[in-house]
Amino acid sequence: MIEILIPIEENKLEPKGGPYGYCYNLREGLRKVDNGDIRINFLPASESSDKVYRSSFLRKFWTPRKVVQILAAKYKKGTTKYQGYDIIHFHTTLDMYLNQNSLKNTDAIVVITSHSPEAWHREFITSKLKNKYRWLYKSIEAIDEYAFERADYVVFPCEYAEEPYFHTWEKYELIKNKKKEKYRYLLTGIKPCKAKIDRQAIRKKYQIPEDAKVLCYVGRHNEIKGYDLIQKAYREALKDKGYYVLVAGEESPILGMQNDDHWIEVGWTKDPHSIINASDLFILPNRETYFDLIVLEVLSLGVPILMSNTGGNKHFLSYETKGIQHFESENIRDMVQKIGTFFSIVDDGVARKENLELFNSCFTDEKFAKSYLEILNEIYEDRT
């Protein structure tokens, strides 16, 4: 039996983005397949009381002094939790860094999957803070350096997902070149999404005509996600064409369009899938992206999607489906043109059918779990 530990408390797994959502979907998929000679273990709920400093902790209580204390402290943890495991699969570079003392005393194979949309230290320290606290920025960089260099294997969803790391972190290319043969690629999968409220009811609620052309955006209202780009496209062209834009997500830091009946801000919601399902075309305009799970959610709902040609979005160029279209990143004119082309020549029924078929053949949680077991078995066999 190959024993694998994922050092995340199982009670924290839930359907959302990041490590917890990734491992939630993995666990759900593992329940549907034959695990063979591999057993996946998570930390028990009681472990949640352990003194683990995650990125959310650092963001909430951030001060230069606190970060220095964390980086300088010797993280005292016993090796008990790592005894008897063949593979330890970390899902944040920070967790791995803070457990480095324990890792000195284990023969287990160490794997890292970083779920940050760019190198973690770059995401954590803003450009303003980088300039103000250059010394601190360099210290934080040590977290990512340690994790990628110490790991025996590195797992990404696809090669395109590494693009933001090359763009934002000078050392990444050098680090990868040292261990290219230790990189593995595993497409993420999710549980199929379902709309809780049907299309007609959502349109009625937000006073959208049934025959209106509705675009949808769900996510953070910031520049890295390209929220400002879809706003600009709306102001310059889409508004005059009569499109409706249905938006979900907290209205911050960029506010929505004010006093416009065709631009509808739902705000943060527990049911984004009903919002997506009520639209005709989902827009994913991010400037940089890792491998955005919202793409898989949209596919599982059968909704057509127009995405920027960047990062993990590029992976979907390889699929021949009318339900997935791309536009050149940050090119407003191309975005508007592709939206118009979609509504003029694409058969909506065919596009939806093809997206559902693609999801069911490549991106279910069951497919994800099977591929995960295959890769972990390959890693184990490679070592032995």
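Throughout what follows, the structure given in this document is the object of discussion. From a predicted model like this one, the values you see are computed outputs, not experimental measurements.

1. A few points about the pairing of strand E10 (residues 281–284)
The side chains of a regular strand alternate between the sheet's two faces.
At step 1: Residue alternation in E10 divides its side chains into two sets, Leu281 and Ile283 and Phe282 and Leu284, and both sets are buried.
At step 2: In terms of strand pairing, strand E7 (residues 214–218) meets E10 through 2 bridges, oriented parallel. Residue pairing in the sheet places Leu215 in a bridge with Leu281 of E10.
At step 3: The sheet contact formed by E10 and strand E11 (residues 305–308) spans 3 bridges and is parallel. Bridge pairing links Phe282 to Ile305 in E11.
At step 4: Assessed by its sense of winding, the connection that carries the chain from E10 through helix H14 (residues 293–301) to E11 is right-handed.

2. A word on the side chain of Lys179
At step 1: With respect to the secondary-structure elements, Lys179 resides in the loop between helix H10 (172–178) and strand E6 (183–185).
At step 2: Of the buried charged residues, Lys179 lacks a salt bridge, with Asp152 as the closest side chain of opposite charge at 6.5 Å.
At step 3: In this structure the side chain of Lys179 is engaged in a polar contact, spanning 2.3 Å, whose partner is the backbone oxygen of Ala151.
At step 4: Beyond its immediate chain neighbours, meaning those up to four positions away, Lys179 contacts Phe148, Glu149, Arg150 and Ala151.

3. Considering the packing of helix H12 (residues 227–238) against helix H15 (residues 332–345)
Working note: a packed helix pair is described by the angle between its axes plus the distance between those axes.
At step 1: Running from N to C, H12 and H15 cross one another at 70°; their axes reach a closest spacing of 10 Å. With respect to H15, the axis of H12 lies roughly perpendicular. Once H12 is placed against H15, the crossing between them reads as right-handed. Where H12 approaches H15, its residues Leu229, Ile230, Lys232, Ala233, Glu236, Ala237 and Leu238 are matched on the opposing element by Ile332, Met335, Val336 and Ile339.
At step 2: A breakdown of the residues in the contact of H12 with H15 according to their chemical character gives 9 nonpolar, no polar and 2 charged.

Definitions and limits used
- Residues numbered from 1 in each chain as written.
- Predicted model: local features only at pLDDT ≥ 70, side-chain atom pairs only at ≥ 80, totals over all residues.
- Heavy atoms only, no water.
- Buried < 20%, exposed > 50% of the residue type's maximum accessible area, 1.4 Å probe, protein only.
- Helix = DSSP H or I, 4+ residues; strand = E, 2+ residues; numbered from the N terminus.
- Pairing = 2+ DSSP bridges.
- Right-handed = clockwise from strand over helix to strand, strands pointing away.
- Lys, Arg positive; Asp, Glu negative; His and termini not counted.
- Salt bridge = Lys/Arg side-chain N within 4 Å of Asp/Glu carboxyl O.
- Polar contact = N/O pair within 3.5 Å; in protein donor to acceptor, adjacent residues only side chain to side chain.
- Contact = heavy atoms within 4.5 Å.
- Axes fitted to C-alpha atoms, helices over the stretch in contact; angles between N-to-C directions.
- Parallel < 35°, antiparallel > 145°, perpendicular 65-115°, else oblique.
- Left-handed = near helix turned anticlockwise from the far one by under 90°.
- Nonpolar A, V, L, I, M, F, W, Y, C, P; charged D, E, K, R; others polar.

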